Amino acid sequence: MKIALLGYGKMGQIIERIAMERGHEIVLRKSSATNFDGLLQADVAIDFSIPGVAVDNISTCINNGIPIISGTTGWLENYHEMVKLCNEKNAAFLYGSNFSLGVNLFFELNDYLARMMSKFREYNVSMEEIHHTHKLDKPSGTAISLAKAIINNTSKNNWAIENPKEDDVFIDVKRIDEVPGTHSVFYNSEVDFIEIKHVAHNREGFALGAVIAAEWIIGKKGVFSMKDVLDLHK
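What counts as what
- Residues numbered from 1 in each chain as written.
- Predicted model: local features only at pLDDT ≥ 70, side-chain atom pairs only at ≥ 80, totals over all residues.
- Heavy atoms only, no water.
- Helix = DSSP H or I, 4+ residues; strand = E, 2+ residues; numbered from the N terminus.
- Buried < 20%, exposed > 50% of the residue type's maximum accessible area, 1.4 Å probe, protein only.
- Contact = heavy atoms within 4.5 Å.
- Axes fitted to C-alpha atoms, helices over the stretch in contact; angles between N-to-C directions.
- Parallel < 35°, antiparallel > 145°, perpendicular 65-115°, else oblique.
- Left-handed = near helix turned anticlockwise from the far one by under 90°.
- Nonpolar A, V, L, I, M, F, W, Y, C, P; charged D, E, K, R; others polar.
- 1 Å grid on protein atoms, 1.4 Å probe; cavity = no way out; pocket = protein on both sides within 12 Å on 5 of 7 lines; lining within 4 Å.
- Points joined across faces, edges and corners; volume = space filled by probe spheres on them.

Draft legend 1. Seen up close, the environment of Val-44. Here Val-44 lies in strand 3 (residues 44-47). The buried category is assigned to Val-44, whose relative accessible area is 0%. Sequence separation between Val-44 and Ala-4 is 40 residues; the distance between their C-alpha atoms is 6.4 Å. Beyond its immediate stretch of four places on either side in the chain, Val-44 contacts Met-1, Lys-2, Ile-3, Ala-4, Ile-66, Pro-67, Ile-69, Ala-214, Ile-217 and Ile-218.

In structure tokens, the structure reads:
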């Protein structure tokens, strides 16, 4: 399989190594200093860039019929626009706020716990997310995905990272040197405290998941998520 890497920072380089270990060829390593030359040779593209260029990367792939896997966060105000473009072009697009197998299982656990806890108003839910200081968006895409699942299953209406209202899910955002990613969900009452947490030891799991998603999407058309890749639909 021939892969175009859109974004060649730390994650892009880890993805490159894992992809080559799995027998794939890298035909494009796009950074801020390079263009899309080589994209049309690719069977699939993987985008781990920055919020400001993600939409351009994704739309360029869709318009050229290249299946695109995107793990860039911080651009989701344009997500539905990309979904519409993908459907119009009969292309293939998969966005994931986090490609780690463990995190996607954690998503399912969070969803189940939120449904269960919604019956017990004694508990107030809040969250914490910790990432390395190089991460540009706050909160993380993973934290937003977790918060949305809580909102969908409880009486909460929104999330906030400061000055939360009573119907907000408060997300305590921390940036600490070289932390790959830690996400916690808390349910606190006057008598006890429930916590679920996912801690990433390194970035390898994110990169491996993205490569597995790229392998999976070949030959498919439509808009997908890691639920499809991992067959986690109920």
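So much for the structure itself; the text now carries on.
Draft legend 2. Just the packing of helix 4 (residues 101-117) against helix 5 (residues 141-153), in detail. Their axes nearest at 8 Å, the elements helix 4 and helix 5 cross at an angle of 25°. As far as their axial angle goes, helix 5 and helix 4 are roughly parallel. Our pair here, helix 4 against helix 5, has a crossing hand that is right-handed. Where helix 4 approaches helix 5, its residues Val-103, Phe-106, Phe-107, Asn-110, Asp-111, Ala-114 and Arg-115 are matched on the opposing element by Thr-142, Ser-145, Leu-146, Ala-149, Ile-150 and Asn-153. Class assignment of the residues belonging to the contact of helix 4 with helix 5 gives a composition of seven nonpolar, four polar and two charged.

Draft legend 3. Up close: the layout of surface pockets. Computed from the structure, the largest pocket encloses a volume of approximately 860 Å³. Taken together, 35 residues form the lining of the largest pocket, with Met-11, Phe-48, Ser-49, Ile-50 and His-132 sitting closest to its centre. Those elements that place two or more of their residues in the lining of the largest pocket are helix 1 (10-21) and helix 2 (51-63). When the residues that make up the lining of the largest pocket are grouped by side-chain class, the tally is 11 nonpolar, 19 polar and five charged. Size it by volume and the second largest pocket reaches roughly 720 Å³. Lining the second largest pocket are 26 residues, and of these Ser-97, Phe-107, Ser-145, Lys-148 and Ser-225 lie nearest its centre. Those elements giving two or more residues to the lining of the second largest pocket turn out to be helix 3 (79-89), helix 4, helix 5 and helix 7 (226-229). With seven residues, helix 5 is the single largest residue contributor to the lining of the second largest pocket. Looking at the lining of the second largest pocket residue by residue, the class counts come to 10 nonpolar, 11 polar and five charged.

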